[in-house]
Amino acid sequence: MDKKKIVLLGRPAAGKTTIEKVFFEGANPAVLIDKPLPPTVGLSTVAVPWLDTTVSIFDYPGQNMARVLDDEAKFMMILEQAFVVVYAIDCTRWEAERPDIQVDVDAIRAVTRKNGVEVELVLFCHKIDLLGEHELDGTRAAVKAWAGLQAVPLHFTSIAPGFLHLLYDAFYAVLGAASGEARQTKEILDKNLRDCKRTLCFISDARNAVLALASTADFAFPLLHPLPGFFSSVVAQFESIKADDKVDHVIISTRQRTRVDFRSLEPFTGRDRRLIIVSDDLNPVAIHRLSDAITGDFKAAFGTR
Ligand SMILES: Nc1nc2c(ncn2[C@@H]2O[C@H](COP(=O)(O)OP(=O)(O)O)[C@@H](O)[C@H]2O)c(=O)[nH]1
Ligand SMILES: [Mg+2]
C-alpha cells in the first residue's frame with residue numbers, strides 16, 4: 001500500500017481543520033458549521049486509510065504560516081513525501097488576504113523549487129456558501145483569474161448543505177492522481193448516474209467515511225443535511241443484519257418516497273466497501289437495476305474472481 005501525504009496549508013480560519021474532519025474523518029458538516037472547532041495549535045497530523053492509499057494530512061496551524069515558511073528545514077520536513085499541497089483560501093476574505101496569499105504561494109513555490117521537491121500546489125477557494133449570488137460571480141472570476149496567472153488548479157469548496165458535493169469533487173480530482181481505485185470508483189459512479197435524476201450514490205468504508213460520491217446536479221443535497229446521523233444508524237443496522245443473516249442487499253423507502261439502497265460490495269471485491277444509493281426519483285425496480293449495474297462495474301474493475 002502506498003503512503004501518500006497531503007499537506008493542508010492556508011491562513012488562519014480558512015477552514016483547513018474543518019475540511020479534514022469532514023472529508024477524511026466522516027465528521028458531520030452540519031455540526032462543524034454550528035459548533036466551530038477551536039483553532040489548531042501546533043502541527044496537527046492524521047493518517048487515514050483512504051481506498052488503496054494512506055493519506056497523511058498535515059494541517060498546519062494558520063497562525064504560524066509565516067514562520068513555517070521562514071523555517072525552511074522544517075517546512076521541507078513537512079513536505080517530505082507529500083504529493084500535493086492544498087492551499088485553502090477563505091473566499092470571504094479574498095480581497096483582504098490576497099497580498100498575504102500571494103506571499104505564501106510565492107514562498108511555497110520558491111522553497112520547493114530551491115530544494116528540488118516536486119509537489120503539486122492546488123487551491124481550494126473555500127466557504128463559497130457565504131457569498132451571495134452576485135458576490136459569488138465577482139469573487140469567482142477574480143480568484144479564477146489569479147489562479148490562472150499562478151498556473152495552479154483551483155476548486156471552489158464548502159461544507160455547507162447544498163455545496164458539500166463540491167468539496168468531494170475537489171478532493172476526488174486531487175486524490176484521483178494518487179489512487180487508482182479512487183479514480184476508477186468515481187468514474188464508475190459518474191457513468192452509472194449519467195441518465196438518472198434526483199439521485200446520489202456513494203461508497204463508504206468500514207468507518208462510514210465516504211470514499212467516493214457522485215450525484216446528479218438536481219439532487220436535493222440540502223435533504224441530506226439532517227441525514228448523516230440517520231445514515232450511520234441505518235448503516236449500523238445493516239451491518240448487524242449482514243453479520244447475522246448474511247444479508248448483503250437492502251432497499252428501504254422513507255415516507256417521503258426517498259429510496260435508499262444499501263449493498264455490500266465485499267462479496268464482489270473482497271474489500272470492505274458498501275454502496276449506498278439515495279434517490280427521490282427511482283422506483284424499487286429501477287434502483288435495484290442501478291445497484292446491479294454499479295456492482296457489475298465494480299466486479300469488473302476490482303473483482304478478485
Ligand atoms: N460557512 C462556512 N463556514 C465554514 C466552512 N468551513 C469552515 N467553516 C468555519 O470556518 C471557521 C474556521 O474553520 P477551521 O477549520 O477551524 O479553520 P482553520 O484555522 O483553517 O483550521 C470555523 O468557524 C468553521 O465552522 C464552510 O464551508 N462554510
Ligand atoms: Mg485548524
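Look above for the structure.
Here we summarise the structure given alongside this text. All values reported here derive from a predicted model rather than from experimental measurement.

Bringing unusual backbone geometry into the picture now. Despite not being glycine, Lys-127 shows a phi value in the positive range, around 65°. For Lys-127, the location among the structural elements is in the loop between strand S5 (120-126) and helix H6 (133-150). Under the C-beta neighbour-count criterion, Lys-127 is labelled buried, with 24 such atoms within 10 Å. For Arg-198, which is not a glycine, the phi torsion comes out positive at approximately 40°. On the neighbour-count criterion, Arg-198 (17 C-beta atoms within 10 Å) is partly exposed.

Let us look at the environment of Ala-170. If you trace the backbone, Ala-170 turns up in helix H7 (residues 164-176). We classify Ala-170 as buried; it has 24 C-beta atoms within 10 Å. A C-alpha to C-alpha distance of 7.9 Å links Ala-170 and Phe-124, two positions 46 residues apart in sequence. Excluding residues within four positions of it along the chain, Ala-170 makes contact with Phe-124, His-155 and Thr-157.

This next bit is on the sheet that holds strand S8 (residues 210-215). With antiparallel pairing, the 5 strands of this open sheet are ordered in space as S8-S7-S11-S10-S9. Two strands close off the open sheet at either side, each with one partner strand: S8 and strand S9 (249-253). Shown here is a sheet whose adjacent strand axes are inclined to one another by a mean of 15°, direction ignored. Sitting on the sheet, helix H8 (residues 180-193) is in contact with strand S7 (199-204) and S8, with an inclination near 25° to S8.

Take the pairing of S9 next. With 5 bridges connecting them, S9 and strand S10 (residues 259-264) associate as antiparallel partners. Opposite Val-250, over in S10, you have Phe-262 as the bridge partner. With antiparallel pairing between neighbouring strands as the criterion, S9 and S10 make up a hairpin whose turn holds 5 residues, including Arg-257 at a positive phi of roughly 65°.

Here we take up the site of ligand 1. The local shell around ligand 1 holds 22 residues, among which Gly-15, Lys-16, Thr-17, Thr-18 and Pro-36 are the closest. At the level of elements, helix H1 (16-25) and helix H2 (29-34) are the ones that each hand at least two residues to the shell around ligand 1. Here the shell around ligand 1 takes 3 residues from H1, the largest share from any one element. Grouping the amino acids of the shell around ligand 1 by side-chain chemistry returns 11 nonpolar, 8 polar and 3 charged.

For the rest of this paragraph, the subject is the environment of Thr-258. Of note, Thr-258 is situated in the loop between S9 and S10. The exposure class of Thr-258 is partly exposed, given the 16 C-beta atoms found within 10 Å. Spatially, the C-alpha atoms of Thr-258 and Ser-279 are 5.6 Å apart, while their sequence positions differ by 21 residues. Residues within four places of Thr-258 in sequence aside, it is in contact with Val-278 and Asp-280.

A large share of S7 lies buried, amounting to 5 of its 6 residues. With 6 bridges connecting them, S7 and strand S11 (residues 274-279) associate as antiparallel partners. For Thr-199, the partnering residue across the bridge sits in S11 and is Ser-279.

For the rest of this paragraph, the subject is the packing of H7 against H8. Where H7 contacts H8, the two axes come as close as 8 Å, and the packing angle between them is 135°. By the angle between their axes, H7 is oblique relative to H8. The handedness of the crossing between H7 and H8 is left-handed. Contact residues: H7 offers Tyr-172, Leu-175 and Gly-176, while H8 offers Ala-182, Arg-183 and Lys-186. Class assignment for the residues of the contact of H7 with H8 results in 3 nonpolar, 1 polar and 2 charged.

Criteria and cut-off values
- Chains are numbered independently. Their residues run from 1 in the order of the written sequence.
- Chain A is the first chain written and ligand 1 is the first ligand written, with later ones labelled in order.
- Local features in a predicted model are, by the rule used here, given only for residues with pLDDT of at least 70; side-chain atom pairs are given and counted only at 80 or more, and totals for whole chains, interfaces and linings are based on all residues.
- Note on conventions: DSSP H or I runs of at least 4 residues are helices, E runs of at least 2 residues are strands, and numbering of each starts at the N terminus.
- The exposure scheme places C-beta atoms from the backbone and then counts, for each residue, the other C-beta atoms within 10 Å of its own, assigning buried at 20 or more, exposed at 12 or fewer, and partly exposed in between.
- For the purpose of contact definition, each residue receives a C-beta atom placed from its backbone, and two residues are in contact when these atoms lie within 7 Å.
- Between any two strands, pairing holds if DSSP finds at least two bridges.
- In this description, a line fitted to the C-alpha atoms serves as the axis of each element, helices being fitted only across the stretch in contact, and the angle between N-to-C directions of two axes falls anywhere from 0 to 180 degrees.
- Whether a residue is near a molecule or strand depends on its C-beta atom, generated from backbone atoms, being within 6 Å of that molecule or strand.
- Each residue receives one of three labels: charged for Asp, Glu, Lys and Arg, nonpolar for Ala, Val, Leu, Ile, Met, Phe, Trp, Tyr, Cys and Pro, and polar for the others, Gly being one of them.
- Roughly parallel refers to an angle under 35 degrees, roughly antiparallel to one over 145, roughly perpendicular to one between 65 and 115, and oblique to any angle outside these ranges.
- Each crossing is labelled by how the near helix is turned from the far one, with a counterclockwise turn of less than a right angle marking it left-handed and a clockwise turn marking it right-handed.

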